[in-house]
Amino acid sequence: MSLLVAQDLGIAFGGVVAVDGVSFSAAPGQVLSIIGPNGAGKTTLFNLVSGLYRARRGRVTLNGEDVTGAQPQVLAAKGLSRTFQNLQVFGRMTACENVMAGRHLRERRSLAADLFRLPAVRRQNRETRAAAEELLAFVRLGERGDTPAGALPYGALKRLEIARALAPEPKALLLDEPAAGCNAVETTEIDRLIRAVADRGVAVVLVEHDMKLVMKISDRILVLDGGRPLAEGTPAEVRANPDVIRAYLGPQHGREAAHA
Amino acid sequence: MAEFLQFLFSGLTVGAVYAMVALGFTLIYNASDVVNFAQGEFVMIGGMVTVFAAAAGLPLPLAAVLAVLIAVAVGLLLHALAIEPARGASAVTLIIITIGASIFLRGVAQVLFDRQAHGLPAFSGDAPIRFMGAAVLPQSLWVLGGAVATFLLLYLFLDRTLLGKAVLATAANRLAARLVGINTRTVMALAFGASAAIGAVAGILITPITLTSYDAGTLLALKGFAAAMLGGMGSPFGAVLGGLLLGLFESFSAGYVSSTYKDAVAFVTILLVLFAMPSGLLGRRAVERV
Amino acid sequence: MQMRAVLASRFFSLFVLAAMIGLLPLAFPSGYYFRVAALVWISALAAIGLNILMGQAGQVSLGHAGFFGIGAYAVAIGPAHLGVPPWAALVLGAALSGILALVIGKPVLRLRGHYLAIATLGLGVLVAIVLTNESRWTGGPDGMPVQRLVLFGWRVAGAETWYWVSGAVLLLGTWLALNLTDTPTGRALRALHDSEVAARVVGIDVAAYKLRAFVIAAVYASVAGSLLALMNSFITPDQAGFLHSVELVTMVVVGGLGSVLGAIVGAAVLVTLPQLLTVFREYEHLVLGLLIMLFMIFLREGIVPSLRAIFAARLRTRAAG
């Protein structure tokens, strides 16, 4: 059963076709990875699915409901969440506040109640804070809750984004290069996190360059090249696909293939 | 028809001044991302210095040249003393700095000169030229001619000279310009100097028609800013187009509707245009990259 | 560490303000000082509101004096032409400002950066132009007198009385603004300030929250305008003009964007400086412009955040040593 389905998505920027006829489906509890060389359209695909860009053609359904062209905040309310390749943390807020902001949809929101800071608001604030701290502990940032996000190191910010993306309790999560720029220890940490998230029943869609991570963690892999789908299958199938090897890993198999 | 022509000419005359102010905004904005609210003060300096130098006995052409030189000096000083030290500040901070500079320059003018309104004799007399039933002041032709000459000079400078290309390169991508060896600081100073010169020329040309005073720059700056935005911030052609359009709107609405709300026309126009086209008429639409 | 938490808490800010309002009069040699201080409280009220829009939500408004002017003229026109009592006119003015902000904010707040600046600027200038031109209602450029405020038979008049009234309203305004910071609304505003895309992706309706901040800021400015008109018993369109909008923005930035206490300090600086400068009379503009530039160049973060940073560094070295 698929939770998040993209059908035949396409978009062009000033005549340059960035994504062309891409389809995928992500199931709860599974990790779908999207790989491809730089410029293959992976991030653009994420921006289409998460409502930041308007698709020129194609359809997106979430939980069976057509959500094509819906605004990001509407998609979020329906259970879609994501992280960003080039970090989009709330730099002037603390780590904990970042995740608390992520709980927005789970909070009762009333401007009047907020202005007067009614007891209900204070109670809810405590609950939100507790939930945020739990998520911070989950991504191993439990000690850094009061640090301004702008002062956190890169690897920590990557995990903070994951915590914030999990805060709305999404059914589907798009992760855009969560391990980029991370060292080996941090990558192992991200690996563990993604597996744990999927085990909670979330449909995870992952864009990642680290082939070792992708091959290890993915249930299925979709390969893009030049904005078009090149291959799809299990890690073993993709690894054995001659098209993939030729187009993406290079004719001599390349370094990354050897690693994988 | 005569009435229409009359409004057309007065609209073009005022519009040419707005266009020159808007062009000054655009030059500085392109070179440095600064929105210079002291732009109107350059116009004021042009007019006031000419008036007082002429009153002191200098021949009008010399007084005008002196006014332009002083405006350029003020522009360069503004860049060196107020903008350069605040490099890296937020857009709002920079806007407030230039507004502070505008208040400061107004204060200096008030002390150095006075608080009265002053005029200049028209350059080629006051006898109106009859044209298909409309009366055109010779000074209007001076304003239009001066504006066209300014635009042409600027165009030739940007298009034909190496320095002009450096300005365009800086506007397109500051980092890349620096990487290929362009001294972007010089380019920015140049933009401030050129903007000041353009503003001063506008001030000298328009003073015989509209008079000038120490605080004449404020409304001109606001309308010039509106004109630059109307055309689309950063586009020199947009600035000229926006300025002329604003001048025409003002003139026609004052002529056919009512002159009570003449000053409101510019702001109503800019609001309506921005609601329909959030990046101005000729502005580039940005795609958000994440 | 604990000391820093205390410094940042909202009770600390409220306490400092209340103490200041309560104790300052002990140092006042004459009624004139009450008047200047009341002017500071009133401007601070407008600045605090604007700070919610600029400091928290990160949206600039170069036309906020327009709302200030609407509030001011509401208490002038309401009693004079429509027979509305002044206190009701204040409430109506605030409601009108809020509604105008709601209606016009929708298209305006879609704009960004300099486009937002020019749109809000245009809005403010338009209000000032209308107030200047509709002289049958507003007295035109010369302004109009304002009836005294009477509350339950108590005639609110005199510098000292207005000092306490405006001080009380400022305390209320500060309390509300401080309340907002650490709530879903406050977090949504600060989040969209730092990254609009990320805010949208976690489900924050960015447009709706910007609009809320705009309306709140408009209502604050309107109430402040009403208070000023009632205190001065007179009002001119200058209060709605571009220069006053710039002053309000400068208060927020000089004090420190995002800091409620900063907005009050900024208001104090911008209100008292011209009072001191009247000695120089014709040099007033010159010195004011110069000071604004110097503040912005050398105290870019604003007074309160700069002081906080210095103080925090002191505490650290002491803890280390």
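Residues numbered from 1 in each chain as written. Chains lettered and ligands numbered in written order. Predicted model: local features only at pLDDT ≥ 70, side-chain atom pairs only at ≥ 80, totals over all residues.

*Asks:* How would you explain the overall build of chain A if you had to name every residue and give the values?
*Replies:* Assigned secondary structure in chain A consists of 11 helices and 10 strands. Principal axes of the C-alpha set define a box for chain A whose edges measure 65 × 40 × 35 Å. Relative to its full complement of 260 residues, chain A shows a buried share of 47%. (Helix = DSSP H or I, 4+ residues; strand = E, 2+ residues; numbered from the N terminus. Buried ≥ 20, exposed ≤ 12 C-beta atoms within 10 Å, placed from the backbone.)

*Asks:* Any details on the overall build of chain C? Residues and values, ideally.
*Replies:* Across its full length, chain C carries 15 helices and 4 strands. Taking 321 residues into account, the globule formula puts the C-alpha radius of gyration at 20 Å, and chain C, at 20 Å, falls close to it. Based on the C-alpha atoms only, the size of chain C along its principal axes is roughly 65 × 50 × 45 Å. The buried share of chain C, taken over its 321 residues, is 56%. A separation threshold of at least 6 residues defines the contact pool for chain C, and within that pool the share at least 24 residues apart is 77%. (Rg over C-alpha atoms; globule rule 2.2 N^0.38 Å. Contact = placed C-beta atoms within 7 Å.)

*Asks:* Talk me through the interface of chain C and chain B; I want residue IDs and the actual numbers.
*Replies:* In this complex, chain C contributes 35 residues to the contact, which on the side of chain B involves 39 residues. Contributing elements (two or more residues each) for the side of chain C that touches chain B: α6 (113-133), α12 (242-255) and α14 (284-298) of chain C. Top element by residues in the side of chain C that touches chain B is α6(C). It accounts for 13 residues. A per-class count over the side of chain C that touches chain B returns 25 nonpolar, 7 polar and 3 charged. (Nonpolar A, V, L, I, M, F, W, Y, C, P; charged D, E, K, R; others polar.)

*Asks:* If you had to explain the sheet that holds strand β8 (residues 203-207) of chain A to someone new, which residues and values would you point to?
*Replies:* Residue and element names in this part refer to chain A. Strand order across the open sheet formed by 6 strands is β6-β7-β8-β3-β9-β10, with mixed pairing between neighbours. Each edge of the open sheet carries a strand with a single partner, namely β6 (80-82) and β10 (228-233). The sheet shows a mean angle of 20° between the axes of neighbouring strands, taken without regard to direction. The pairing of strand β3 (residues 31-35) with strand β9 (residues 220-225) spans 4 bridges and is parallel. (Pairing = 2+ DSSP bridges. Axes fitted to C-alpha atoms, helices over the stretch in contact; angles between N-to-C directions.)

*Asks:* Requested: an account of the packing of helix α4 (residues 65-82) of chain C against helix α11 (residues 206-232) of chain C, with residues and values cited.
*Replies:* All names here are of chain C. The interhelical angle for the contact between α4 and α11, taken along N-to-C directions, is 45°, at an axis separation of 6 Å. Classified by the angle between their axes, α4 and α11 sit oblique to one another. As for the relative orientation of α4 and α11, their crossing is right-handed in sense. Residue-level contacts link F67, F68, G69, I70, G71, A72, A74, V75 and A76 of α4 to A218, A221, S222, V223, A224, G225, S226, L228, A229 and L230 of α11. Considered class by class, the residues forming the contact of α4 with α11 number 14 nonpolar, 5 polar and no charged. (Parallel < 35°, antiparallel > 145°, perpendicular 65-115°, else oblique. Left-handed = near helix turned anticlockwise from the far one by under 90°.)

*Asks:* Help me get a handle on the confidence of the model for chain A, residues and values and all.
*Replies:* All names here are of chain A. Per-residue confidence for chain A averages 91 on the pLDDT scale, and 95% of its residues sit at or above 70. By mean pLDDT, the top-scoring element of chain A is helix α3 (residues 95-102) (97), and the lowest-scoring one is helix α11 (residues 254-259) (46). Contacts from residues 254-260, a stretch scored under 50 in pLDDT, to residues over four places away or in other chains number 12 contacts. (pLDDT = per-residue confidence, 0-100.)

*Asks:* Pulling in residues and values, what's your account of the sheet that holds strand β5 (residues 65-66) of chain A?
*Replies:* Residue and element names in this part refer to chain A. Read from one edge to the other, the open sheet built from 4 strands follows the order β2-β1-β4-β5, with strand pairing classed as antiparallel. With partners counted over all chains shown, the strands left at the sheet margins are β2 (16-26) and β5, one partner each. Inspection of the sheet shows strand β4 (residues 57-62) paired to β5 by 2 bridges, in the antiparallel sense. By the bridge assignment, L62 is partnered in β5 with E65.

*Asks:* How would you explain the pairing of β2(A) if you had to name every residue and give the values?
*Replies:* Residue and element names in this part refer to chain A. Bridge analysis of strand β1 (residues 4-13) against β2 gives 8 bridges, and the strand direction is antiparallel. Note on β2: the bridge partner recorded for A6 is F24. Turn length for the β1-β2 hairpin, with the two strands adjacent in sequence and antiparallel, is 2 residues, and the turn residue G14 shows positive phi of about 50°.

*Asks:* Tell me about the pairing of β1(A), and please be specific about residues and values.
*Replies:* Taken together, the 5 bridges between β1(A) and β4(A) define a ladder with antiparallel strand orientation. Looking across to β4(A), one finds that A:L4 is bridged to A:L62.

*Asks:* Tell me about the nonpolar core, and name the residues and values.
*Replies:* Core analysis: the biggest nonpolar cluster contains 289 residues, and A:V204, B:A19 and B:A226 have the highest contact counts within it. By residue number, the principal contributor to this core is α11(C), which donates 18 residues. (Core = buried A, V, L, I, M, F, W, Y, C linked by C-beta atoms within 7 Å.)

*Asks:* Pulling in residues and values, what's your account of α3(A)?
*Replies:* When you tally the buried positions in α3(A), you get 8 out of 8 residues, the bulk of the element. Every buried residue of α3(A) is accounted for by A:A95, A:C96, A:E97, A:N98, A:V99, A:M100, A:A101 and A:G102. Packing partners of the buried residues in α3(A) comprise α5 (119-138) and α6 (154-166) of chain A together with α9 (184-194) of chain C.

*Asks:* Describe in detail unusual backbone geometry, supporting the description with residues and values.
*Replies:* In this structure, A:R117 takes a positive phi of about 50° despite not being glycine. The residue A:R117 is located in the loop between α4 (111-116) and α5 in this model. By the C-beta count within 10 Å, which is 20 here, A:R117 ends up buried. Residue C:S233 is not a glycine yet carries a positive backbone phi of 60°. Considering the arrangement of structural elements, one finds C:S233 in the loop between α11 and β4 (234-235).

*Asks:* Go over the packing of helix α2 (residues 39-55) of chain B against helix α3 (residues 60-83) of chain B, please, and point to the residues and values.
*Replies:* All names here are of chain B. The N-to-C vectors of α2 and α3 enclose an angle of 140°; their axes lie 8 Å apart at closest approach. Put simply, α2 runs oblique to α3. Relative to α3, α2 is oriented so that their crossing is right-handed. Judged by residue contacts, F42, I45, G46, V49, T50, A53 and A54 of α2 engage L60, A63, A64, L66, A67, V68, I70, A71, V74 and G75 from α3. Residues belonging to the contact of α2 with α3 are distributed by class as follows: 14 nonpolar, 3 polar and no charged.

*Asks:* So what about the confidence of the model for chain C? Which residues, and what values?
*Replies:* All names here are of chain C. For chain C, the mean per-residue pLDDT works out to 91, and 97% of the residues sit at or above 70. Averaged over each element, pLDDT in chain C is lowest for helix α1 (residues 2-8) (57) and highest for α11 (97). As scored by the predictor, the complex reaches a pTM of 0.91 and an ipTM of 0.90.

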